[in-house]
Every structure is written in structure tokens, then in C-alpha cells.
Amino acid sequence: MANPAASTISPARRDTPDLPWWKTTVIYQIYPRSFKDSNGDGIGDLRGIISKLNYFVYLGVETLWLSPFFTSPQADFGYDISDYKDVDPIFGTMEDFRELVKQCKLRGLRILLDFVCNHTSDRHEWFQKSLRKQGKYKDYYVWTDGKVLPDALFSYHQVSVFGGSAWEWCEERQQFYYHAFLAEQPDLNFRNPDVVEEMSLVMKYWLDLGVDGFRMDAVANLFESEDIFQDNPPSGKDVPPVSHWEYLKPVHNFYVLPECRDLLVHWQNVLDKEKQIDGKERFMVQEFYTDSDTRAAMAEYGAHAFNMDLVEELTVPLSATQMMGLIAKEYTDRPESYWPTFVVGNHDKARPATKYGPRYVDAFNMLLMTLKGTPTIYYGDELGMQDSSVAYEEAQDPFGIKIGPERYALFGRDPCRTPMQWTSETQAGFTTSRKPWLPVGKDHEQRNVQSQKKDEKSHLNLLKEYVALRSKDAFKYGDIGLDCVLNKNVLAFLRFFGSERYLVAINFGQESSTDDHRGGPVAVATGTVVANTGAVSDDLAKGRTIDLSSLTLRPGDGLVIQL
Ligand code: NOJ
């Protein structure tokens with residue numbers, strides 16, 4: 001006999017898969033120092049974030065990734081933690097954090113914390129005990145008697161990611177310690193089971209306080225090969241001087257397998273155990289600049305790494321063919337457990353509006369929100385915020401300072417970390433202080449949340465529309481069809497589920513392009529515009545019927561067309 005309940009389910013919805021929340025969410029990265037200052041000291045804080053939670057409700061994003069706000073001497077602005085279980089006074093208190101969780105839950109918002117697992121601060125109690133060889137802490141870090149030869153800059157182990165030696169001499173212990181990043185960020189020794197346990201307890205601590213998961217910092221640096229004095233071969237990259245990280249190919253201490261794999265599996269188990277207790281799914285996403293094949297191999301053992309291809313790999317001026325080449329890999333011959341996680345900007349890289357040009361702001365936001373996968377958007381990119389020019393003399397970023405005035409403009413991370421532009425007021429509504437920790441963008445009088453909220457075609461309101469599309473079955477559950485128009489200017493793809501079908505077509509090139517979009521999986525002659533980029537001509541306005549046999553898109557134009 002037919003199940004009577006089944007007949008009440010509409011055919012279109014009957015087969016909707018039961019996806020975990022992190023597959024249907026949008027992640028928004030908050031850099032707490034720069035988001036909103038509540039106490040007038042010029043630095044953003046947790047109370048500031050709490051005061052802006054309704055902004056996320058407005059945007060429709062549900063998951064917040066917070067860069068570190070834990071106790072830290074701030075040598076690398078919080079990526080150097082001296083107490084993993086407390087909030088730095090700059091950012092507030094544990095009470096503020098509890099309030100943040102409570103207020104997020106009231107609004108249906110989720111929180112991912114930054115789990116800085118590779119290294120601690122050199123001021124961390126563990127390191128202080130380790131340098132004195134105290135008890136179990138003796139081997140918490142990577143120590144060696146080593147012989148760091150003066151000409152050993154050609155050896156990987158003398159080069160840190162931030163440039164210069166990766167070994168620091170410790171007078172007290174009469175040994176060198178290894179630091180993949182700054183000397184103030186000694187690497188933890190994950191070959192020591194006590195360290196693994198200690199960090200798992202940190203994870204558990206925050207999970208118990210109600211967070212939904214973690215963005216895992218620098219996971220490729222977690223292990224060094226056991227024989228740490230093996231030399232790495234030159235990378236062949238043209239990156240003088242030789243003290244630069246990329247001068248060598250870090251085969252001996254970057255993503256060392258199987259150690260990395262086992263540790264990531266272990267941490268995934270910590271999250272899964274929580275789920276067994278309360279039934280709530282947790283999510284962990286790895287910070288790892290790598291290729292699609294490595295991400296696929298990681299997915300085989302349950303790890304999801306951010307896809308940084310759109311951050312790191314695109315040549316400028318943009319080529320739609322190159323972009324689609326990178327995008328298509330995400331959907332071709334991937335393991336079943338693979339899940340794409342696109343990113344366009346973050347706190348370490350130039351902003352897309354600056355790197356690729358302002359005319360492509362909506363185009364990137366449209367792409368990010370309509371591709372199959374979980375997108376992460378960096379604060380301010382919804383406004384088309386630009387990198388601000390920060391003079392080397394005013395530089396704050398330790399990497400930028402270390403790299404020197406000639407190359408600061410190329411590598412310094414201050415320009416992409418300037419305060420969020422809320423209003424047209426003097427300090428962009430970010431702080432009441434006269435001196436924010438970084439200067440506010442010069443364009444904040446025109447480019448800010450307050451003014452963009454009022455403009456239907458602003459980057460902000462367009463992003464809001466793209467986010468809203470994700471509640472439609474085709475974008476939420478649907479597959480992606482890539483066999484659509486592709487040339488050096490235009491890329492197009494289809495999102496579909498049941499009878500719902502949408503064509504996304506975007507011009508990332510330098511020239512206008514007129515194309516026939518009827519081929520491949522599209523197979524119809526017309527469609528209706530449901531979303532567009534801000535500068536399209538009137539004949540591509542929302543609600544217009546489009547002749548797909550001859551669609552002209554200018555550089556930066558993008559359309560979502562319901563078929
Ligand atoms: C990656 C983070 O994104 C970056 O900001 C930080 O400096 C390094 N990891 C070291 O933690």
C-alpha cells in the first residue's frame with residue numbers, strides 16, 4: 001500500500017538530500033581587530049562583533065569564522081597564542097565570548113574558531129617550561145643541538161615562511177628551536193602524544209562552550225621530517241633573496257605525510273565524538289595552499305581544505321578559460337567525500353577588488369555564491385573594499401616589516417586588514433578613537449555599509465541577492481553542469497535540481513563577448529534574469545527575458561538566468 005504521507009510531498013522536494021549544515025552555509029571571515037571597536041581603543045573586539053550580529057542576518061550568511069582573539073602578545077596579531085583557553089583583554093573577556101555565543105544562537109548564526117595548532121607564542125607557559133626542560137614539557141617543541149651553518153640559507157630548515165632563519169638559538173637551553181613562522185611562534189612537536197592530547201583538549205574546551213567547528217591554521221606546517229637536517233631542493237622560482245620561503249621546495253617539512261594525515265584524522269574524531277554526544281555536526285576546514293588533487297587526497301581521509309586557487313593561482317588580467325580550468329577540477333574525478341570550498345580573499349592576501357580590479361567585484365561575489373560548494377567571504381569584500389595604502393613607516397604586520405620597504409607593497413598584509421567601513425564618519429564608524437590600529441580606507445565616505453544598504457544595486461545588496469539564491473533547490477542541493485560557453489572572456493555553468501535550472505554566465509575578461517548559450521546542457525533558447533551584476537545595461541535587468549542565442553556581456557557583467 002502506498003505511504004499516505006508520501007503523497008503530501010511535492011515531487012520537486014521529495015528527493016532533497018539531507019546535507020550537513022556546513023554544505024549549505026556561507027562562511028564570513030571576521031578579522032576581529034578590524035571589524036568593530038566597542039571601547040574606543042582603536043582595535044576591534046568581541047563586544048563590537050556582538051553589536052553587529054544583525055548585519056549577518058541582513059546579509060543572510062550564517063557562519064562566522066573569527067580569526068584569533070585568544071590571549072596573545074600579538075607578535076603575529078593573535079596567531080601567536082600564549083593562553084588557548086582565554087580571551088585577550090584587547091578583545092574582551094570570556095564573559096563577552098559567552099555572550100557572543102548566546103547572541104549568535106539567538107540569530108541562528110554558527111561560529112568557527114581559528115585553531116592555531118602548529119605553533120604557540122614563545123611566551124606560552126608550555127614553551128617557558130620547555131626551554132627550562134621542565135618535566136613533560138621538555139619535548140613539547142622541536143629542539144635540536146643542530147649545526148646551523150652560516151651558509152646554510154640554502155637548506156630549508158634555515159628558512160621560515162616569514163623569511164630568514166627558521167631556527168632560533170635559545171641561550172637558556174643551549175639548543176635551537178624550530179619556527180615555521182616568526183621566532184616568537186615556536187613550532188609544537190606533534191610527535192609527542194602529550195602535545196596532541198593537550199591541543200585536543202583545547203578543541204574540546206571551545207566545543208563545550210558552543211562553537212561549531214574550526215578553521216585550522218597552517219596545517220601543512222604541522223610536521224617536519226624526522227631527520228630535520230635534510231636539505232630541500234631549490235624550487236626554481238624567481239624569488240630573490242634566497243632567504244625567501246619560496247626559494248626552496250619544502251619537501252622535508254611541508255605537509256609531511258602520513259603524520260599530518262593521522263593528526264587531522266585524530267582531530268576530526270574529536271569533533272565526531274562531540275556529535276555522538278549531542279547529535280550536532282561540527283566542521284573543520286584546513287588552511288592549506290595546495291592543489292585540487294591534494295585536496296582530493298585529503299578528502300579521502302575526511303579532511304576539507306580551503307580551495308585557495310581563486311586567491312593564489314589566477315593570472316592578471318583574468319582569463320575565464322584559466323579560471324574555468326581551475327574550477328572544473330573541483331568537479332572532475334573527485335572522491336565522493338570531496339566538497340568544494342571556494343575562497344576569493346582573506347587576511348593574508350591582496351583584496352580581490354584591488355588585485356583583479358573594481359569592475360569584477362560583483363562578478364566574483366556572484367561566482368563565489370553560485371558555484372557548487374561552500375563559499376567563504378572575507379569581511380569588506382561584500383562592499384568591494386580595496387587594499388588601503390599603508391606606508392612602510394606605519395606598517396604593523398610583522399611579515400611586512402620583516403620583508404623590508406622594497407617588497408612591503410608586494411607581501412605586506414596591512415592593506416587588506418584595514419578597518420571595516422560601516423559609515424561615512426571620520427573613522428568609518430569602526431571606532432571612536434582618533435587613531436585606529438590601521439588607517440581606515442580613504443574611500444570610506446562613499447564605500448560603506450550605511451550607504452550601500454540604501455542602494456539597491458550596491459555590491460552589498462547584490463551580494464545579499466546572490467546569497468539568497470542559495471536557498472533555492474538548484475543552488476542548495478543541485479549539481480553543476482560545466483559544458484557551457486567558455487572563452488577567454490566568458491565562463492558559464494548550469495545549476496540544476498529537479499525541474500529547477502539556472503544558467504550563470506559571467507564575463508571576467510577585458511572585452512565584450514557575444515555568445516550563443518543554447519548549447520550543451522542549456523538546450524533552450526530563452527531564460528529570465530533573476531540576478532545580475534551592478535553595471536549591466538537595462539536590457540539585462542532583473543525580470544528581462546534573454547535571448548540565449550546571442551547574449552552580450554561586457555567585462556565584469558554577470559547574469560543568473562532562470563531557464
Ligand atoms: C596563517 C595565517 O592565516 C596567518 O595570518 C598567520 O600569520 C600564519 N598562519 C601563522 O599562524
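Preceding this section is the structure that the text describes.
Counting of residues starts from 1 at the beginning of each chain's written sequence and follows it residue by residue. Residues qualify for local features only when their pLDDT is at least 70, as the model is predicted, and side-chain atom pairs are given and counted only at 80 or more; totals for whole chains, interfaces and linings, by contrast, use all residues. Based on all heavy atoms of the structure, the side-chain values leave hydrogens and waters out of the count.

Visitor: What should I look at first to understand the overall build of the protein in this one?
Guide: In this text, helices come from DSSP runs of H or I with a minimum length of four residues, and strands from runs of E with a minimum of two, each type numbered from the N-terminal end. Along its length, the protein carries 19 helices and 20 strands. To get the radius of gyration, use the C-alpha atoms; to get the globule rule, take the number of residues to the power 0.38 and multiply by 2.2 Å. Over its C-alpha trace the protein gives a radius of gyration of 24 Å, about what one expects of a compact globule, namely 24 Å for 563 residues. The rule is simple: take the accessible area with a 1.4 Å probe, protein chains only, and divide by the maximum for that residue type; under 20% is buried, over 50% is exposed, in between is partly exposed. Here the protein holds 563 residues, and 59% of them are scored as buried. Should any heavy atoms of two residues lie within 4.5 Å, those residues are counted as being in contact. Within the protein, residue pairs in contact and separated by at least 24 positions form 67% of the contacts whose partners lie at least 6 positions apart. Total accessible area computed for the protein in this model is approximately 22,400 Å², and 50% of it derives from carbon and sulfur atoms. Averaging the locations of the 61 positively and 80 negatively charged side chains of the protein gives two centres separated by 4 Å. Here the open area of atoms and residues is found with the Shrake-Rupley method and a 1.4 Å probe, where only the protein chains shown may cover a residue. In this count, Lys and Arg are taken as positive residues and Asp and Glu as negative ones, while His and the chain termini are left out. All charge positions are set by atom: Lys at NZ, Arg at CZ, Asp at CG, Glu at CD.

Visitor: Explanation requested: the sheet that holds strand β7 (residues 167-170) in the structure shown.
Guide: The pairing of strands in a sheet comes from backbone hydrogen bonds and takes either a parallel or an antiparallel form. Following DSSP output, two strands are said to pair if at least two bridges run between them. Spatially, the 3 strands line up as an open sheet ordered β6-β8-β7, and their pairing is antiparallel. Both outer strands of the open sheet, β6 (143-144) and β7, are each paired with one neighbouring strand and no more. Bridge count between β7 and strand β8 (residues 175-178): 4 bridges; the pairing is antiparallel. By the bridge assignment, W169 is partnered in β8 with F176.

Visitor: Teacher, can you tell me more about the nonpolar core here?
Guide: Most often, soluble globular proteins have nonpolar side chains that are buried together. Buried Ala, Val, Leu, Ile, Met, Phe, Trp, Tyr and Cys residues that are joined via side-chain atoms within 4.5 Å together make up what is termed a nonpolar core. Formed by 138 residues in total, the largest nonpolar core has its most connected members in Y28, Y55, F97, F190, W206 and W267. The element best represented in this core is helix α8 (residues 193-208), accounting for 7 residues. Membership of the second largest hydrophobic core comes to 17 residues, among which are V485, L494, L503 and L559.

Visitor: Before we go on, may I ask you to explain the site of the ligand in this structure?
Guide: Consider each residue's heavy atoms; a residue with any of them within 4 Å of a molecule or strand counts as near. The environment of the ligand is made up of D76, Y79, H119, F162, F181, R215, D217, E287, H347, D348, R413 and R417. Here a polar contact is taken to be a pair of N or O atoms separated by no more than 3.5 Å, where protein atoms must pair a possible hydrogen donor with a possible acceptor and residues adjacent in sequence count only if both atoms sit in side chains. Interatomic distance of 2.7 Å between a side-chain N/O atom of D217 and an oxygen atom of the ligand. Within the contact set of the ligand, an oxygen atom lies 2.5 Å away from a side-chain nitrogen or oxygen of D348. Relative to its unbound accessible surface of 290 Å², the ligand loses 98% to contact with the protein. Side-chain classes follow a simple rule in which Ala, Val, Leu, Ile, Met, Phe, Trp, Tyr, Cys and Pro form the nonpolar group, Asp, Glu, Lys and Arg form the charged group, and the remainder, Gly included, forms the polar group. Taken together, the residues that form the shell around the ligand break down as 3 nonpolar, 2 polar and 7 charged.

Visitor: Please clarify how the environment of K249 should be interpreted in this entry.
Guide: With respect to the element layout, K249 can be found in the loop between β9 (213-216) and α9 (259-278). In sequence terms K249 and Y360 are 111 residues apart; their C-alpha atoms lie 33 Å from each other.

Visitor: Would you explain the sheet that holds strand β1 (residues 27-30) in this entry?
Guide: Pairing within the open sheet is parallel, and its 7 strands lie in the order β11-β10-β9-β5-β2-β1-β12. Edge strands, defined here as strands with exactly one partner in the open sheet, are β11 (304-305) and β12 (376-378). Two elements, β1 and β12, share 3 bridges in a ladder whose sense is parallel. Across the sheet, I27 pairs through a bridge with T376, a residue of β12. Helix axes are fitted only over the stretch in contact, all axes being lines through C-alpha atoms; the angle between N-to-C directions runs from 0 to 180 degrees. The sheet strands contacting α9 are β5 (110-115), β9 and β10 (283-286), and the helix crosses β10 at an angle near 155°.

Visitor: What's the story with the pattern of salt bridges in this structure? I'm lost.
Guide: It is possible for side chains of opposite charge to pair when their charged atoms get near one another. Think of a salt bridge as a Lys or Arg side-chain nitrogen and an Asp or Glu carboxyl oxygen that are within 4 Å of each other. One pass over the full model with this rule turns up 31 salt bridges. Connected through shared salt-bridge partners, D76, D348, D397, R413 and R417 make up one network.

Visitor: Explain α8 here, please?
Guide: Side chains three or four residues apart in an α-helix point the same way, a direct result of the helix having 3.6 residues per turn. A rise of 1.5 Å per residue sets the reference length of α8, with its 16 residues, at 22 Å; its end C-alpha atoms lie 22 Å apart and thus fit the reference within 8%. Along α8, the residues that are buried comprise V195, V196, E198, M199, S200, V202, M203, W206 and L207. One side-chain oxygen at the N-terminal end of α8 lies 2.9 Å from the backbone nitrogen of D194; it belongs to N192. The first or second residue beyond α8 is G210, which carries a positive phi of 105°. By this rule the span expected of a helix is its residue count minus one, scaled by 1.5 Å.

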